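What follows is the residue order along each chain.
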Amino acid sequence: MASVTYDGRSFMVDGRRIWLMSGTVAYSRVPKDQWLDRIHAAKLAGLNAIDTPVFWNRHEPRPGRFDFSGDADIRHFVQLVGKAGMYLILRLGPYTGRGWDMGGLPPWLLEAKQVALRTNNSAYLEACSRFINAVAEQIRDLQIAAAGAGGPILLIQLESGWTCGHDELATAYLGELMRYLRESGLMVHVVNDTNLWQSAEGQIDCWRGSAHMFSTMRQLATVRSDQPRLVIDFDAAGTPLDVWGREALRPLSPASVQRRVAEALAAGAQVNFSPFAGGTNFGFWGGRLGGGHDQFVASGADQHAPIGETGVPSRSYNAIRRISTFATRFGRVLASLDPVYQPVALDPSPVLASTPAAGKAKSSPAGGVDRARGQAVIHTSGTQGGVVFVFGRDPEGENVGEEEQTVSLLMPDGSPLNVHLGSQAVAWMLMECNLSARARLDYSTFNALAMIGKVFVCYGPAGKRGVVSINGSPLDVEAPAAGVRKPTIEEHEGVFVVALSEELVDQTFLTDAAVFVGVAGLTPEAKPIVAPGVKQFIRVDTNEGGVKVVTVGAASAVALHEEKAPAATLGPWSIASADEYTRGESARFARIPGPAELASLGCAFGYGWYRLDLPGSSAHKATVACVSGGDRLHMFVDGECLGIMGLGPGATSDIALPLKKGAQRLVVLADNLGRFSEGSQLGEPKGLTGHLWEVSRAKLPPPKVVRGEPIEVLSFRAPLWEVREGDLTASSRVTWTLARRKRGNVLMRLNRMSWRALLVVNDAPLAYVDQAGPAHLILTEEQLGRGNATVQLVLLADGSGAASQETEAHAAAAELGETVEFLDLDSAVTEQATWHFAKWEPPAAGAFEAAPKTVKATGPTWWSARFRAPASEHPLHVHLTGMTKGQIYINQRHLGRYFVATSKGTPVPPQESVFIPPSFLRHDSENEIMLFDEHGGQPAKIKFAYDAARTPLLARSEKK
């Protein structure tokens, strides 16, 4: 049993200081067979800890029915982390966010009446308690402080981003979760990620973000001087998850990522890269981001992570590996830095050229761009030594050239030193550090990587000279020139100095016994792996400093051979029509009372078929809107598709429905494209949850700005994120006046909303709205009253003065005047209809028949084909050319959603192909691919292709 303590410097295990460099690997986004590969890739990157979120809905699909088997075997994942010799940070939730459907909360929570999520609601808390106990049963003995052998679990995080400034509510909710945790037998330290918004007693306050790390971590050290600093969510890409319909965003450059990590280290903070390994939103697990109405997360959850979805390192991997290896190998130095000594320094963070517009939603991006800041030097010091961080210009800034940067330093004795940054935007100079009992490093102008035994490993730009001073004796050393595969090795003061170039450092891997130069990695057993065509590598003995040129052989290394990517062969296609559903003729339709949420009908995820038999009315073409439901409703009359009503590419807000005098059948295929994973609109309904209404647009004059009494926001609704007790709305209100020409309800449609506001009707607050929604709001006849009605959006104040708020309100009025619509709800078209429902599910194998070569499917269609996929280490993708939107299955396993084109063939970014994990495939026999395409699609152009240019990092012991 180990004891874990902490202070303002670091965590300590049995009194020994540790320095955490961690990476998030979401086991639910990676097949079980690849868990060890991702963990091993993190260890090779110099990390000493793994962080993983637990998605509640993955483990409790129905109340009280838990699944911890197969790809949900959390215990096995934790054990693999322990076997790798790494610590584990467990994100227990119950809410975890991260682009996952409903942030990990199970949708069956919504079935209970009056349930409120992420607050002290009794029904919700009771379910949380059951979930926490179930997880604890799986991993209780794997805590580092558990009796017996224990395990790798060092820290647990409860909740995620709970940033409501309502202290009483926070105590009631977060405190209750803490009680459940302790009563379940989970006793390790608990962290949060609320950026100081809220905390429960006994929690360690951590930070989320990757910008302005130096100043932020200094401030954190000041207000939490008794706690270690931990950036629990450091975004290595600087971009959100990909969403359907938006081009993939450009990630931060590797040099910029490394520079931001150095900012955190310079301020004494530990780092968790989130994510470190990307993954896949298998099945229907992809959620919805809070940045807009239609930001539905794509299947690939790569997010430009250091290790991508396929296991292949991204451009940032080596940059992160360099600085992480330094941080963990010299963790004793970083963990002993004086948190009180924070001298005046030039802030290395870029200067923000402009700030977000006042009153904008908190999650909206900052306006303007960063301009490059000049060089900065931060000198840190502690009982075990110090580090001088030398910051060059930020590569993300404007007008930053590619010229090499050199910084001239003055040492305490006045002597000058030059530090060459090379391709990096930061360098670190280790100082005053004991390398061994008889060797003290005065300083190294080359970046320190590790000290192992008698070997000190450092690196610098190719061909540049540096100085390594030990015991007061400086050694002038040169980094190998470009293309040179042999390091510079000098014995100095009993230490073997191994100097590498930037090129060579990425081909250097470390064990306790040796430094291997010119290799591609290590096996879990610490055996070197060499790239294809490499005949020799260099081994430096860490105890004797002996250098040996090793010829590649079976005994010396695992040699990778050049592998030509094999060809995957695809057989003919079979087809199964969904016409019996689109016409409403399937025997699976069952009577339901009326509109209903998909989850309440047994379809918590995916699609559902609604059949509405209309009794008949006057013959006319009605403009119809769905005032309650989501996300995309495919409308069929007599089997013919009228269009899609809802959100995303190819959908419209309303639709023209031809009504006739006689009985008429309307079929709706409702598509749940993912629930909000974040924000204040969590738990939105899915499916056809309300009647279809015939609507007519109300013609209103543009809104005006009028003054009114400010409203205390949390007195209307709590919790709300990034709102504190006492926060008020602005006094200026964006105001519409509805002249009541006729009785009835009104639909307020917010097509785009860039603000946070309260909706106020006739001076009564009715709803909170932000950029995520709600997109539709029904204003009832009772709420509107008789005569003219006043409808107002009252922006949340940002703390600026009245003049600024007035200006902001006018800017909002100009935008909202263009984007907000009011529609009269004339009549409920489906109120007298007879309602039926059928589950959406794959057809039986016997339903498929050979597809004619000339077939042209236009409605929902199932396709199936056989293919062969020879075993290969190269990633396999299926390119879905010719298809539109739907689902893909491989050997009966639901790979996930795809969305490559609209029904009219308009391309939809960002994902044209889908990665197939090796564990989904049978390499010795035929495989089956099955597709459900919402618009038919034409699979003739679909291709399987191995990516011959990329090879994933695998935890291998020998060539398979």
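Residues numbered from 1 in each chain as written. Predicted model: local features only at pLDDT ≥ 70, side-chain atom pairs only at ≥ 80, totals over all residues. Heavy atoms only, no water.

Can you walk me through the overall build of the protein in this structure?
Each helix and strand in the protein was counted, giving 14 helices and 63 strands. Here the C-alpha atoms of the protein give a radius of gyration of 30 Å, agreeing with the 30 Å that 2.2 N^0.38 yields for 960 residues. In terms of principal-axis extent, the alpha carbons of the protein reach across some 100 × 70 × 55 Å. Evaluated residue by residue, the protein yields a buried proportion of 58% over its 960 residues. In the protein, 73% of the contacts between residues at least 6 apart in sequence involve partners at least 24 apart. Surface accessibility of the protein: about 36,600 Å² in total, with carbon and sulfur atoms responsible for 49%. Distance between charge centroids for the protein: 3 Å, based on 93 positive and 99 negative side chains. (Helix = DSSP H or I, 4+ residues; strand = E, 2+ residues; numbered from the N terminus. Rg over C-alpha atoms; globule rule 2.2 N^0.38 Å. Buried < 20%, exposed > 50% of the residue type's maximum accessible area, 1.4 Å probe, protein only. Contact = heavy atoms within 4.5 Å. Areas by Shrake-Rupley, 256 points an atom, 1.4 Å probe, with all protein chains shown as cover. Lys, Arg positive; Asp, Glu negative; His and termini not counted. Charge placed at Lys NZ, Arg CZ, Asp CG, Glu CD.)

Whenever I open this one, empty space enclosed by the protein confuses me. Can you help?
Using a probe with the size of a water molecule, rolled over the atoms, empty space left in the structure can be pinpointed. For the structure on display, the rule yields three cavities of 30 Å³ or more. Reported here for the largest cavity is a volume of approximately 160 Å³. What lines the largest cavity is a set of 19 residues, among which Ala266, Ala267, Asp338, Tyr341 and Thr380 lie closest to the centre. Secondary structure elements with two or more residues in the lining of the largest cavity: helix H6 (213-223) and strand E16 (376-382). The greatest single-element share of the lining of the largest cavity, amounting to four residues, is contributed by E16. Here the lining of the largest cavity is composed, by residue class, of ten nonpolar, five polar and four charged. (1 Å grid on protein atoms, 1.4 Å probe; cavity = no way out; pocket = protein on both sides within 12 Å on 5 of 7 lines; lining within 4 Å. Points joined across faces, edges and corners; volume = space filled by probe spheres on them. Nonpolar A, V, L, I, M, F, W, Y, C, P; charged D, E, K, R; others polar.)

What is the right way to look at the sheet that holds strand E22 (residues 447-452) in this model?
Two pairing modes exist for strands in a sheet, parallel and antiparallel, and in both the strands are linked by backbone hydrogen bonds. Reading across from one edge, E22-E23-E27-E26 is the order of the four strands in this open sheet, with mixed pairing throughout. At either margin of the open sheet sits one strand with a lone partner, and together these are E22 and strand E26 (488-492). Taking each pair of neighbouring strands and ignoring which way they run, the sheet shows an average axis angle of 20°. Two strands pair when backbone bridges link them, and strand E23 (residues 455-460) and strand E27 (residues 495-501) are joined in this way by six bridges, in the parallel orientation. Residue Val455 lies in a different strand from E27, and its bridge partner there is Phe496. On top of the sheet, helix H8 (residues 317-329) reaches E22 and E23; it is set at about 45° to E22, its chief contact. (Pairing = 2+ DSSP bridges. Axes fitted to C-alpha atoms, helices over the stretch in contact; angles between N-to-C directions.)

It is not clear to me how the side chain of His40 should be interpreted in this structure. Could you clarify?
Within the fold, His40 resides in helix H1 (residues 35-44). Residues contacting His40, with those up to four places away along its chain left out, are Leu522, Thr523, Pro524, Leu954 and Ala955.

In this structure, what is going on with the packing of aromatic side chains? I would like to understand it.
Each aromatic ring pair is summarised here by two numbers: the centre-to-centre distance and the angle between the ring planes. Inspection of every chain in the model, using the stated rule, returns 39 aromatic pairs. Between Phe284 and Trp840 the ring centres are 6.1 Å apart and the planes differ by 70°, which places this aromatic pair in the edge-to-face class. Taken together, the residues span a long stretch of sequence, with Phe284 in the loop between strand E13 (269-277) and H8 and Trp840 in the loop between strand E55 (834-839) and strand E56 (849-850) at a distance of 556 residues. Note on accessibility: Phe284 and Trp840 belong to one class, buried. The interplanar angle of 25° and the centroid separation of 5.2 Å between the aromatic rings of Tyr581 and Trp609 together place this pair among those described as stacked. With Tyr581 in helix H11 (residues 579-582) and Trp609 in strand E37 (residues 606-614), this residue pair connects regions lying 28 residues apart in the sequence. The pair formed by Tyr581 and Trp609 is uniform in burial state, with each residue classed as buried. Linked through ring pairs, Trp56, Trp108, Tyr124, Phe131, Trp162, Tyr173 and Trp721 together constitute an aromatic cluster. Positioned above the aromatic ring of Phe605 is the side chain of Arg675, whose terminal nitrogen or guanidinium carbon lies 5.2 Å from the ring centre. (Phe/Tyr/Trp six-rings, centres within 6.5 Å; stacked < 30°, edge-to-face > 60°. Lys NZ or Arg CZ within 6 Å of the ring centre and 35° of its normal.)

I'm lost on the nonpolar core in this one. Help?
Nonpolar side chains in soluble globular proteins tend to be buried together. Within the largest apolar cluster, 175 residues are counted, with the highest numbers of intra-cluster contacts made by Phe273, Phe330, Leu430, Leu435 and Phe456. The contact partners of Leu435, leaving out residues within four places of it in the chain, are Phe330, Arg332, Arg440, Leu441, Met451, Phe456, Ile470 and Val495. Listed in part, the 28 residues of the second largest apolar core include Phe282, Ala869, Leu880 and Leu931. (Core = buried A, V, L, I, M, F, W, Y, C linked by side-chain atoms within 4.5 Å.)

Teacher, can you tell me more about H8 here?
One turn of an α-helix holds 3.6 residues; hence residues three or four places apart share an orientation. Between its first and last C-alpha, H8 extends 18 Å over 13 residues, near the 18 Å set by a 1.5 Å rise per residue. Along H8, ten of the 13 residues are buried, which leaves the element largely enclosed by surrounding structure. Every buried residue belonging to H8 is among Tyr317, Ala319, Ile320, Arg321, Arg322, Ile323, Ser324, Thr325, Phe326 and Ala327, and all of these are buried. (Expected span 1.5 Å × (residues − 1).)

Honestly, helix H14 (residues 802-819) in this entry has me stumped. Any pointers?
In this model, H14 (18 residues) spans 25 Å end to end at C-alpha, consistent with the 26 Å of a helix rising 1.5 Å per residue. Looking at H14, one finds that the buried residues are Gln805, Glu808, Ala809, Ala812, Ala813, Glu815, Leu816 and Thr819. Buried-residue contacts for H14 involve strand E46 (704-707), strand E48 (729-738), strand E49 (746-750), strand E53 (789-796) and strand E54 (820-828).

Hey, could you run me through the packing of helix H7 (residues 254-266) against H8 in this one?
The geometry of a pair of packed helices is captured by two quantities: the angle between their axes and the separation between those axes. Across the interface, H7 lies against H8 with an axial gap of 8 Å and an inter-helix angle of 20°. When the axes of H7 and H8 are compared, the pair comes out roughly parallel. Where H7 crosses over H8, the two elements pack in a sense that is right-handed. Of H8, the residues touching H7 (which contributes Pro254, Val257, Gln258, Val261, Ala262 and Leu265) are Ala319, Ile320, Arg322, Ile323 and Ala327. Residue classes in the contact of H7 with H8 are distributed as nine nonpolar, one polar and one charged. (Parallel < 35°, antiparallel > 145°, perpendicular 65-115°, else oblique. Left-handed = near helix turned anticlockwise from the far one by under 90°.)

Please explain the pairing of strand E18 (residues 405-410) as it appears in this structure.
Every regular strand shows the same layout, with side chains that alternate between the two sheet faces. What you see with E18 is a clean split: Gln405, Val407 and Leu409 sit on the buried side and Thr406, Ser408 and Leu410 on the side with no burial. Pairing analysis gives six bridges linking E18 to strand E19 (residues 416-422), with the strands arranged antiparallel. Across the sheet, Gln405 pairs through a bridge with Gly422, a residue of E19. Where E18 hands over to E19, the hairpin turn is made up of five residues, of which Gly414 adopts a positive phi near 90°.

Whenever I open this one, the sheet that holds strand E2 (residues 11-13) confuses me. Can you help?
Strand order across the open sheet formed by three strands is E1-E2-E3, with antiparallel pairing between neighbours. Edge positions in the sheet fall to strand E1 (4-6) and strand E3 (16-18), since each has one partner strand and no second. Pairwise comparison of adjacent strand axes, ignoring direction, gives a mean angle of 40° for this sheet. Here three bridges tie E2 to E3, and the two strands are oriented antiparallel to one another. Its bridge partner lying in E3, Phe11 is registered against Ile18.

Teacher, can you tell me more about the environment of Pro593 here?
Structurally, Pro593 can be placed in the loop between strand E36 (590-592) and E37. The exposure class assigned to Pro593 is exposed, which follows from its relative accessible area of 89%. When the C-alpha atoms of Pro593 and Ala833 are compared, they prove to be 9.9 Å apart, with 240 residues separating the residues in sequence.

Honestly, the pattern of salt bridges in this entry has me stumped. Any pointers?
It is possible for side chains bearing opposite charge to pair when their charged atoms get close. Summed over the entire model, instances satisfying the criterion amount to 42 salt bridges. A salt bridge links Arg665 to Asp613; the shortest N-O distance between them is 2.8 Å. Of this pair, Arg665 sits in strand E43 (residues 664-672) while Asp613 sits in strand E37; the two residues are 52 residues apart in sequence, bridging distant segments of the chain. Taken together, the shared-partner salt bridges connect Asp51, Arg91, Arg98, Asp193, Arg208 and Asp233 into one network. (Salt bridge = Lys/Arg side-chain N within 4 Å of Asp/Glu carboxyl O.)

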